[in-house]
Amino acid sequence: MLDTLDPRFLLSIFMRRFPIFLLTAVLIFSGFAAAAVLLPATYTANARLLVESQQIPTSLVQATVSSAAAERLRVIEQRLMTRENLLEIARQHRVFADRRDLSPSEIVSLMRSSTSFRLANLGGRGGQALIFTVSFSASVGDIAAKVVSEYVTRLLEDNRKLRTERAADTYQFFDQESDRLVRELTAIETEIVEFKRANRDTLPETLGFRTNDLTRVQQRQQLLDREIADLSDRRGKLMDLRARPEALVDLRREPTAAERQLRQLEDRRALRIAILSESHPEIRSIDVRIGALERVIEREEQVRSDASGEQFQAVVTEGMRRIDQELELIDQELEQLEDEMVSLERREAELERSISETPNTQMSLNSLQRDYSNLQGQYGAARAKLAVSATGEQLELTQQAERFEVIEQAQAPETPDKPDRFMILVMGVGGGAGAGLGLIVLLEFLNRAVRRPSDIVSALQQQPLAVIPYIYT
């Protein structure tokens, strides 16, 4: 019907359907007007908080609470919007005193829908300048302001408590960590002491002393070997003398003057023959003197051989007694030396074993000392962090760290912000007019009556020769 837009035809349709349009527009506008009048007024109160950075330079004192302010605000918001808090605030400030039929769940839902938190970044350095806005809508402006003030109070208290608790938890953690490391250090110190006590013979710090001791033991063994050999040789000679008593007479007497001169001449000849020949006058003179002394010694020997048998026997008896005494002394000394040699061999074996075990002991001791050094480093780091956390806790207690500052307190609004009655009326006018026009268009689409020549063409699908209009009589 509306395939050809003829203004006069459209105007005639509108005028014919105008009562319907007017009725529809009036009804819809009346509904919007009633809503604008009947909807309760809603007052919204706002409060703004500024996130103030740490007052003391962070280069001097570092706070222990490192979480971002936006994160903490979201955490506090979730804590504030719990069921218990919302019911308590609604009951304390009689937010829904005029609606006693509401259940607790409905009160919580209405409180949450009426509350708004907005976080804005002022674009400060590092994005740290933040403005936090808290809003609440209520039917009474004074109640809205009181609820927002309650929100702000709790928010500030929760922030202070959250920061102090985190600072205290940090300090407590490092305090407990320091105590734990002290206990572990004490335990490993005790273990090192026990290990050194159990392996005192193989400790690496005494390796040099034990090596020198082993060298001294080996040198002493060599010396004892020589002493034992000398004593054994001496004992053998004494045993030979004991088997030949006649040799004791020669051993007991002192050399005569002739024998001493003979030895001197023999020594002198041995020295001079190295540089003089056999035919040299000095050598021949020495040989003549040696021959004369030998004849004198032979005569002395003959005289001694003529001595009485009793004198010889006495000499032999005395000599045998002395030999037996000396053999007894040598045997005692040999026994002592052999005992000492056994002790030295045992000591040598112990030293060699301890020296061979020293690398294993050193590896185990190094492992314990490494663990001790690591624990010492951890303990030093924990103590340093404990000092920092103590300073951070003091910052939080004195409120010298980052904090929230209220820059705009909540005020009771004088005019409601909802509903916008003028906008509702404008929407009613537009909605009524649009609904009326839509109803007219719908009715015309549903009306299949022939009203124009073009309607005949559309209905018959043929071009008529002539069209006679309807004649009113």
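Keep in mind that this is a model prediction, so the values were computed, not measured. (Residues numbered from 1 in each chain as written. Predicted model: local features only at pLDDT ≥ 70, side-chain atom pairs only at ≥ 80, totals over all residues. Heavy atoms only, no water.)

(A) Just the packing of aromatic side chains, in detail. One pass over the full model with this rule turns up four aromatic pairs. Ring centres of phenylalanine 117 and phenylalanine 132 lie 5.7 Å apart, and the angle between their planes is 20°; on these two criteria the pair is classed as stacked. Placement of phenylalanine 117 in strand E2 (residues 115–121) and of phenylalanine 132 in strand E3 (residues 130–138) is noted, with a sequence separation of 15 residues between them. Its relative accessible area of 1% is what places phenylalanine 132 among the buried residues. Among the aromatic residues, those joined into a cluster by ring pairs are Phe117, Phe132, Phe136 and Tyr151. (Phe/Tyr/Trp six-rings, centres within 6.5 Å; stacked < 30°, edge-to-face > 60°. Helix = DSSP H or I, 4+ residues; strand = E, 2+ residues; numbered from the N terminus. Buried < 20%, exposed > 50% of the residue type's maximum accessible area, 1.4 Å probe, protein only.)

(B) Region of interest: the packing of helix H4 (residues 83–92) against helix H6 (residues 141–198). For the pair H4 and H6, interaxial distance at closest approach is 10 Å and the crossing angle is 140°. Accordingly, the angle class assigned to the pair H4 and H6 is oblique. With respect to the hand of their crossing, H4 and H6 are arranged in right-handed fashion. Along its contact with H4, which presents Asn85, Leu86, Glu88, Ile89 and Gln92, the element H6 presents Val147, Glu150, Tyr151 and Arg154. (Axes fitted to C-alpha atoms, helices over the stretch in contact; angles between N-to-C directions. Parallel < 35°, antiparallel > 145°, perpendicular 65-115°, else oblique. Left-handed = near helix turned anticlockwise from the far one by under 90°. Contact = heavy atoms within 4.5 Å.)

(C) The arrangement of unusual backbone geometry in detail. Residue arginine 94 is not a glycine yet carries a positive backbone phi of 50°. Within the fold, arginine 94 resides in the loop between H4 and helix H5 (104–114). Residue classification places arginine 94 among the exposed residues on the basis of a relative accessible area of 51%.

(D) Molecular detail of the pattern of salt bridges. The final tally for this structure, using the stated rule, is 13 salt bridges. Linking arginine 180 and glutamate 177 is a salt bridge whose minimum nitrogen-to-oxygen distance equals 2.3 Å. Residue arginine 180 and its partner glutamate 177 are located together in helix H6, separated by three residues, close to a single helical turn. Under the relative-accessibility criterion, arginine 180 is labelled partly exposed at 27%. (Salt bridge = Lys/Arg side-chain N within 4 Å of Asp/Glu carboxyl O.)

(E) Region of the structure containing the side chain of arginine 210. Checked against the element boundaries, arginine 210 lands in helix H7 (residues 207–243). The side chain of arginine 210 is buried and forms no salt bridge, while aspartate 201, the nearest opposite charge, is found at 6.8 Å. Of the polar contacts made by the side chain of arginine 210, one reaches the side chain of threonine 358; its length is 3.1 Å. (Lys, Arg positive; Asp, Glu negative; His and termini not counted. Polar contact = N/O pair within 3.5 Å; in protein donor to acceptor, adjacent residues only side chain to side chain.)

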